[in-house]
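For reference, the chains in residue letters:
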Amino acid sequence: MPTHAQLDERARALHRLAAARVRAEPALFERVRANLARWQRDAAPQVQPYLREWKALADQGLPACLAMAEEDSPHAAALRQASPFAGVLSNAERLAFLKGWRARQGDAAR
């Protein structure tokens, strides 16, 4: 079973992949904004502070939002728990990443 640190690193690596996809296709940033708008209406109260922070970053623009998505800090790791980047990667891209991650973790355990 992966440790919390490994799960945080997996989330960061997945966000690096999503950020690269958005950089290559900036129109995908609208999906991030749409997720935020929908989630701010529907999410539980305890998630709202994270969503407000993501919204503030998105309002600053693509570079600020992507920088936080990729940042290696405890605060960024906490924010990634309520990430608005859902749907930026296709299911196939996400599943391929997760399969590769599991394989690399298995190799590391040997």
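The structure we're discussing is the one just above.
Being a predicted model, the structure only gives us computed values, none of them experimental.

Another aspect to go through is the packing of aromatic side chains. What the rule picks out here adds up to two aromatic pairs. Judged by centre distance (5.8 Å) and plane angle (75 degrees), the rings of Trp54 and Phe85 are edge-to-face. Residue Trp54 is located in helix H3 (residues 48-60), and its partner Phe85 is located in the loop between helix H5 (74-80) and helix H6 (91-109); the two are separated by 31 residues in the primary sequence. Grouping residues by exposure puts Trp54 and Phe85 together as buried. With a centroid separation of 6.1 Å and an interplanar angle of 25 degrees, the aromatic rings of Phe97 and Trp101 are classed as stacked. Taken together, the residues span about one helical turn, with Phe97 and Trp101 both in helix H6 at a distance of four residues. Here Trp101 falls in the buried class, since its relative accessible area comes to 11%.

Moving on to the environment of Ser73. Counting through the fold element by element, Ser73 comes out in the loop between helix H4 (62-70) and H5. Along the sequence, Ser73 and Asp8 sit 65 residues apart, while their C-alpha atoms lie 10.0 Å from each other.

Here the focus is the pattern of salt bridges. The final tally for this structure, using the stated rule, is nine salt bridges. Salt-bridge contacts for Glu9 lead to Arg16; the nearest nitrogen and oxygen are separated by 3.4 Å. The salt bridge involving Glu70 is made with Arg23; its shortest N-O contact spans 2.7 Å. Pair noted here: Glu70 is in helix H4 and Arg23 is in helix H1 (residues 4-24), with a separation of 47 residues, a long-range link. We classify Arg23 as partly exposed; its relative accessible area is 46%. The network of salt bridges with shared partners includes Glu9, Arg12, Arg16 and Asp72.

How each quantity is defined
- Residues numbered from 1 in each chain as written.
- Predicted model: local features only at pLDDT ≥ 70, side-chain atom pairs only at ≥ 80, totals over all residues.
- Heavy atoms only, no water.
- Phe/Tyr/Trp six-rings, centres within 6.5 Å; stacked < 30°, edge-to-face > 60°.
- Helix = DSSP H or I, 4+ residues; strand = E, 2+ residues; numbered from the N terminus.
- Buried < 20%, exposed > 50% of the residue type's maximum accessible area, 1.4 Å probe, protein only.
- Salt bridge = Lys/Arg side-chain N within 4 Å of Asp/Glu carboxyl O.

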